[in-house]
Amino acid sequence: MATGIRDKVCILGMGCTKFGERWDMSAGDLMIDALRDALEDAGLEKKDLQAAWLGVHIDEVNIGKGGTYAGMNLHLPLIPVTRVENFCASGTEAFRGAAYGVASGAYDIALAIGVEKLKDTGYGGLPDSPAFGQEMIFLGPNATAPGLFAQLATAYAAKFNLPMERVKEAITHVSWKSHQNGAKNPRAHLRKAVSKEQIMGSPMVAYPLGLFDCCGVSDGSAAAIVTTPEIAKKLKPNDPLVKAKALQISVSSGEEAMFDKWDGAGVITTQTAARRAYEEAGIKDPRKEISMMEVHDCFSITELVTMEDLGISPPGGAPDDVLNGFFDLDGQVPCQPDGGLKCFGHPIGASGLRMIFEMYNQLLGRWPEDRAVKNPKFGLTHNLGGIPNGNVASVAIFGVD
Amino acid sequence: MVGISSFGGYVPRYRMNRMLVFGSMGWLNPVIITNARGEKAVANFDEDSITMAVAAGMDCLKGVARDSIGAVYFATSTAPFKERQNANLVAGALGARDEIRSADFGGSLKAGTSALLSALEFAAANEGEKAVVCAADCRLGKMASTQEMVFGDSGASVMVGGDDVIAEYKGSFSVAHDFVDHLRGANTKYDRMWEERWIRDVGYGSFIPQAIKGLCEKHGLNPAEFDKVVYPCYYGGARKKIDGMLGVEGDKVQDDMLATVGDSGAAHPLLMLSAALETAQPGQKILLVSYGSGCDAMWFEVTDNISKVQDGRGVSRWLARRADLDNYQKYLVWRGMAPPELGIRGETDKETRWSLIWRDHKAILGLVGEKCKACGTQQFPPRRMCANPECGVVDEMEPVYLADKGGKVFTYTGDMLAASLSPPAVYGTVSFNGGGRTVMDFTDCAVDDLAVGNPLDFSFRLKFYDPKRDITNYFWKAIPAVEEVK
Amino acid sequence: MAEHVHQQIDEEIRSMAGYYMVLQEGLLEYNGREVLYLIEAAAADTSCCGGAGMGFIMVPGYIKSLKTHQNEEGLWVSDVDRISDEDERGELTRLLKQNNPGFQQVNFA
């Protein structure tokens, strides 16, 4: 009978580059920095790595296919390198692969590294690719991610009978709060705080989302080195150890897209992955027990509904929680303490690992007081890739004990 | 007897005031002021002759069992394909079965009536079968040309058969003349015309009377006994002369809709006929004449069944649904007359994979979804496995034609980032009436026109154009449900 | 009544997805009062589906008192009355679009 991943995997070390328009760095260059920092943090050398998982979603310009790019650019010692891809959960999938690698007893030390280099296409935004297959070019809309996630807003407003102004008020606070946090973060791409007036004064990009409700592209890399708790205790006998408490992924069944039950106001896969993650981690009351979160705020409306999908806010209660400061850095459950995708941008393969990096460092109490979460017990990361009616969601929980 | 059993029309939503064209181009060719009255109907960026033909056909076939159609004829002088039966795209969109006659009629502006005559002959030779004619045109004149002023875009459709006849077909008379008043070669985009006075006097002025005279002599008719005289001619002087010759005036002369639509080529005679049938009375005699490389003249007698189809189908409700196209450059870009910067994203190769498209062609052309025989769930797109999580059976589906079922807005947005020739791109999730949902482009509306729960119709539109291989690809979009005109 | 903070002209207000800036401030006489409006430009040059942008006009409202004081950042603050009536919004949208061709969006605070 399977018992989940709880307490079977420890993070020995992590690294995360500065995210931004890294014109001077290739994907390989970014990975070298992330790996070096992770090895230093872990107190290990490259020769200690026994297996690697590489998370990349869309960068075919630099990376191509397969795991060879990582093996050859990082000069890894002929170890297995598996390229994994699952939309925005690609970084978390890399972590998952490495975690199962060591939890199974097949390896002692494994590397999870994620990277995305998006600034070599010659135009802004994600490269054009049939991410949903060619059939969808005919049967699907001429859409963008902001427009598809914006659909959540009209559905949410209709479900809870809210005027769109109320939804806008809440998502403005969501963005404002993230920018406040990101301004303090040396690794963030965008480090400028903005006022609520400035957010509300921005133009509409995809109704009802404005310019400040959307994240953007960025280059970046992050890495994690994992092992079992037994080995970690031997290598770091005097240090607190961050353990994985839950690692859950849920992929759409097609029900949201084609069957009539879904109300469009939340994401079923997030709800499912969260439920399973809490069970795996032994968490009974997430609103009280989760100390902090990094969620997928590609769009502020996504973050809003995610608060309910994760069971932190009650149904229809997220706008009130948000506006009461429940998720601010000094609130009950700080959300996006590092600034989130809003300030880091979204190098897709790296984002999941960047979120884990934040939870890891917070749990170890490593950040200066102005951006530290007080006495955290459990940190949750959440990724959501694809579109609201067809996607992959990941929920991971980490703790230190 | 055979005759017309239904009719339909379609006028695109955008109307461009002709004074706007004059204001933009009058500096080059000031004489165009003489054709600057009223407005012309301009196809949206996602419309062409095929899409407008389908729209008119959907109007015509309201309530008609699609299996009863035995032939689909498509008539146009602006067909998007030289080899790929254009009529098959129309037939697929209308939900016709595979075992039918299909044909394209083209080469002139009388192609619409030629198709109608052939359809009537088909119906006469095939008892119990119906034939549908869809005509549409999207012609172009160069900037500052008379043609640009006069042309308009529209679609019209007529269904014929031996049952439920609303206007009995009584006979025809045709003339064919290689009279090159207007010309487009195999690869020419813009219409070229000869001297207008020659076209007016020799063309309209002599061929239309010639065709009508021939018809009347053949059938022992007096032109003055027609209750409605339907023929296209935008030369007011020529029209006066012809009407005088026929001895008809006032209400008997069917409005040519020049001031509200423009001259819409192969569709125009059938568009005018549809408008006439909207208000026709039992017993009335209708004369229909086309013009373009000769003439087809034919006449019909309206039956007692006419009131059954005077339910809002036709031209009026489409005419009433309008929006100003108040920007001349938009018209130029939409019609491919001016090169807009589409950015590097515009260079993306959109190759079409035909074997994949063939597997999906019913879904793409006809918005054909399916219903699960085991649990009754309607769903789109069609798949082998049922989408109901409580069901999930494989290979128990029956196809359902969804194009005429309509739906409701489930969610929506207006997106300024999606590459579009008419930003913002409007799209959202549509709940099909009867069950199932899909995310679709919306068109012919602004974001402000939408709200969750609003009723929607489906409209067959240009989905994307592959300039590298000269392929237009089509699919359905949602439009706010169009009001009936009672 | 509400406060409007006058942002710096031609200064980029940057989001992760792009930036916007105020090009020009204007006053429009309407209904016997003066309406404050801002002519603005935006570019979503770093968004995930980027490359687009727009000209837009923001209407904070009727001026009650123009530039009454400066806030802690040194920006001028005015007192305005928000415009919420649908008919007024419609008419102002029409007027502003007419006077400023090419501007597709008129937003009301």
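Preceding this section is the structure that the text describes.
Along every chain, residues carry numbers that run from 1 in the direction the sequence is written. Chains carry letters and ligands carry numbers; both start at the beginning, A for chains and 1 for ligands, and go up in the order they are written. In keeping with the predicted nature of the model, local features appear solely for residues at pLDDT of at least 70, side-chain atom pairs appear and are counted solely at 80 or more, and the whole-chain, interface and lining totals rest on all residues. To get the side-chain values, all heavy atoms of the structure are used, and hydrogens and water are removed first.

Enquirer: How do you make sense of the overall build of chain C when you look at a structure like this?
Expert: Working definition: helices are DSSP H or I runs of at least four residues, strands are E runs of at least two. Numbering for both runs from the N terminus. Of regular secondary structure, chain C possesses one helix and seven strands. Starting at the N terminus and walking to the C terminus, you meet the elements of chain C as β-β-β-β-β-β-α-β. For the radius of gyration, the atom set is restricted to C-alpha positions; the globular benchmark scales as 2.2 Å times the number of residues to the power 0.38. The C-alpha radius of gyration computed for chain C amounts to 15 Å, which stays within 12% of the reference 13 Å derived for 109 residues, consistent with globular compactness. C-alpha extents for chain C along the principal axes are approximately 45 × 35 × 20 Å. Summarising the internal contacts of chain C: among those between residues at least 6 apart in sequence, 47% fall at separations of at least 24. A total of about 5,300 Å² of accessible surface is found on chain C, and carbon and sulfur atoms cover 43% of it. The charged-residue count follows a simple rule in which Lys and Arg add positive charge and Asp and Glu add negative charge, with His and chain termini not counted at all. All charge positions are set by atom: Lys at NZ, Arg at CZ, Asp at CG, Glu at CD. For chain C, the distance from the average position of its 8 positive side-chain charges to the average position of its 18 negative side-chain charges is 4 Å. Any pair of residues with heavy atoms lying within 4.5 Å of one another is described as a contacting pair. The Shrake-Rupley method, run with a 1.4 Å probe, gives the accessible areas here. Residue values count only the displayed protein chains as cover.

Enquirer: Mind showing me how you'd approach the interface of chain A and chain B here?
Expert: In many reports, interface size means the accessible area that the parts give up when they come together. If you look at the interface, chain A gives 39 residues, while chain B gives 47 residues. Here the quantity called buried area is the total loss of accessible area, with a 1.4 Å probe, experienced by two parts when brought into contact, counted for both. Across the chain A to chain B interface the summed buried area is about 3,600 Å²; carbon plus sulfur atoms make up 58%. For this document, the term salt bridge refers to a Lys or Arg side-chain nitrogen within 4 Å of an Asp or Glu carboxyl oxygen. Between the two partners, chain A and chain B, sit one salt bridge. A salt bridge links A:E135 to B:R383, with the nearest nitrogen and oxygen atoms 3.0 Å apart. For this analysis, a polar contact is any N or O atom pair within 3.5 Å, provided that within protein one partner can donate a hydrogen and the other can accept it, and provided that sequence-adjacent residues contribute only side-chain to side-chain pairs. Counting across the interface, chain A meets chain B through 19 residue pairs in polar contact (both at pLDDT 80 or more). Contributing elements (two or more residues each) for the side of chain A that touches chain B: α4 (135-139), α5 (145-159), β5 (204-206) and α9 (255-258) of chain A. Here the side of chain A that touches chain B takes eight residues from α5(A), the largest share from any one element.

Enquirer: Where do I start with helix α7 (residues 236-246) of chain B in this structure?
Expert: Because each turn of an α-helix spans 3.6 residues, side chains separated by three or four positions in sequence point in the same direction. Residue and element names in this part refer to chain B. Buried means the residue's accessible area, taken with a 1.4 Å probe over protein chains only, is under 20% of the maximum for its type, while exposed means over 50%, and partly exposed covers the values in between. Every buried residue of α7 is accounted for by A238, R239, I242, D243 and L246. One side of α7 carries all its buried residues, which in axial view fall inside an arc of 130°. Of the exposed residues in α7, the ones pointing more than 90 degrees away from its buried face are K240, K241, G244 and M245. Its buried side turned inward, α7 meets α6 (196-219), β11 (228-230) and α8 (268-279). Arc, as used here, means the arc of the directions from the helix axis to the C-beta atoms.

Enquirer: Whenever I open this one, the nonpolar core confuses me. Can you help?
Expert: Generally speaking, nonpolar side chains in soluble globular proteins are found buried as a group. B:L277, B:L367, B:F442 and B:W476 are the most contacted members of the largest nonpolar core, which has 110 residues in total. Per-domain counts for this core show at least three residues from each of domain 1 (3-334) and domain 2 (402-484) of chain B. Other than its neighbours up to four places away in sequence, B:L277 contacts B:I4, B:F7, B:I166, B:A167, B:I286, B:I306 and B:Q310. Residues belong to one nonpolar core when they are buried, are Ala, Val, Leu, Ile, Met, Phe, Trp, Tyr or Cys, and are joined through side-chain atoms within 4.5 Å. If you look at the next biggest cluster of nonpolar residues, it comprises 71 residues, including A:Y156, A:L310, C:Y20 and C:C48. Domain start and end points were adopted from an automatic or database domain assignment.

Enquirer: Sorry if this is basic, but what is going on with the packing of helix α6 (residues 164-182) of chain A against helix α12 (residues 300-309) of chain A here?
Expert: Axis angle and axis distance: for two packed helices, these are the angle between their axes and the distance between the axes, and together they describe the pair. Residue and element names in this part refer to chain A. Two elements in contact, α6 and α12, have axes whose closest approach is 9 Å; the angle formed by their N-to-C orientations is 100°. Regarding the angle of α6 to α12, the classification is roughly perpendicular. The residues of α12 that touch α6, namely those facing V167, A170, I171, V174, S175, K177 and S178, are S300, I301, E303 and L304. Of the residues contributing to the contact of α6 with α12, the split by class is six nonpolar, three polar and two charged. Here an angle of 0 to 180 degrees is reported between the N-to-C directions of two axes, which are lines fitted to C-alpha atoms, with helices fitted over the stretch in contact. Here the word oblique covers every angle except those under 35 degrees (roughly parallel), over 145 (roughly antiparallel) and from 65 to 115 (roughly perpendicular). Three classes are used, and their members are as follows: Ala, Val, Leu, Ile, Met, Phe, Trp, Tyr, Cys and Pro are nonpolar, Asp, Glu, Lys and Arg are charged, and the others, Gly among them, are polar.

Enquirer: Can you help me understand the sheet that holds strand β7 (residues 220-227) of chain A in this one?
Expert: By way of backbone hydrogen bonds, the strands of a sheet pair with one another, either parallel or antiparallel. All names here are of chain A. Two strands are said to pair when DSSP picks up at least two bridges between them. Strand order in the open sheet formed by nine strands is β3-β2-β4-β7-β1-β8-β11-β10-β9, with mixed pairing between adjacent strands. Sheet topology places β3 (81-84) and β9 (292-294) at the edges, where each strand pairs with a single neighbour. For this sheet the average axis-to-axis angle between neighbouring strands, irrespective of direction, equals 25°. Inspection of the sheet shows strand β4 (residues 110-116) paired to β7 by seven bridges, in the antiparallel sense. Its bridge partner lying in β7, V115 is registered against S221. Most of the contacts of helix α15 (residues 348-363) go to strand β1 (residues 10-16), to which it runs at about 120°, and overall it touches β1, β2 (51-55), β4, β7, β8 (242-251), β9, β10 (378-387) and β11 (390-400).

Enquirer: Got a minute to help me understand the interface of chain C and chain A in this structure?
Expert: Listed by partner, the interface residues are 24 residues for chain C and 32 residues for chain A. The junction of chain C with chain A conceals about 2,000 Å² of combined surface from both sides, 67% of it contributed by carbon and sulfur atoms. It is C:M16, C:Y20 and C:C48 in chain C that bury the most area against chain A; as a group they hold 34% of the surface buried on that side. For the pair chain C and chain A, the number of links is zero salt bridges. The tally of links between chain C and chain A comes to five residue pairs in polar contact (both at pLDDT 80 or more). Across the side of chain C that touches chain A, the residue classes tally to 13 nonpolar, eight polar and three charged.

Enquirer: Help me understand the pattern of salt bridges, please; the structure alone is not making it clear to me.
Expert: Pairing is possible between side chains that carry opposite charge, provided their charged atoms lie close to one another. All names here are of chain B. Applying the stated rule across the entire model yields 49 salt bridges over all chains. For R461, the salt bridge identified is with D46, shortest N-O distance 2.9 Å. You can see R461 sitting in strand β21 (residues 455-466) and its partner D46 sitting in the loop between β3 (39-42) and α2 (49-60), a full 415 residues away along the chain. One exposure class covers both R461 and D46, and it is buried. The salt bridge partner of D395 is R384, with a shortest N-O separation of 2.9 Å. Pair noted here: D395 is in the loop between β16 (378-379) and β17 (397-401) and R384 is in the loop between β16 and β17, with a separation of eleven residues, a long-range link. Residue D395 is classed as partly exposed on the basis of its relative accessible area of 48%. Salt bridges linked by common partners bring D46, E47, R321, D444, R461 and K477 together as one network.

Enquirer: Got a minute to help me understand the sheet that holds strand β12 (residues 285-289) of chain B in this structure?
Expert: All names here are of chain B. One open sheet accounts for nine strands, arranged β5-β4-β6-β7-β1-β8-β13-β12-β11; its pairing is mixed. With one partner strand each, in any of the chains shown, β5 (101-105) and β11 form the two edges of the open sheet. With direction set aside, neighbouring strand axes in the sheet form an average angle of 20°. Pairing of β12 with strand β13 (residues 294-302) involves five bridges; the strand directions are antiparallel. Across the sheet, L288 pairs through a bridge with M298, a residue of β13. Along the sheet, α2 makes contact with β1 (3-10), β4 (69-75), β6 (130-137) and β7 (154-161), crossing β1 at roughly 125°. Sheet contacts for helix α4 (residues 111-125): β1, β4, β5, β6, β7, β8 (167-176), β12 and β13; angle to β4, the most-contacted strand, approximately 165°.

Enquirer: Looking at this structure, how should I read unusual backbone geometry?
Expert: Note: most peptide bonds trans; most residues except glycine with negative phi. Each neighbour pair has its own omega, and for A:Y207 with A:P208 the value is 0°, a cis peptide bond. If you trace the backbone, A:P208 turns up in the loop between β5 and β6 (209-210). A cis amide bond, omega -5°, links B:F380 with the succeeding residue B:P381. Located in the positive-phi region is A:N375, a residue other than glycine, with phi close to 45°. Structurally, the position occupied by A:N375 is in the loop between α15 and β10.

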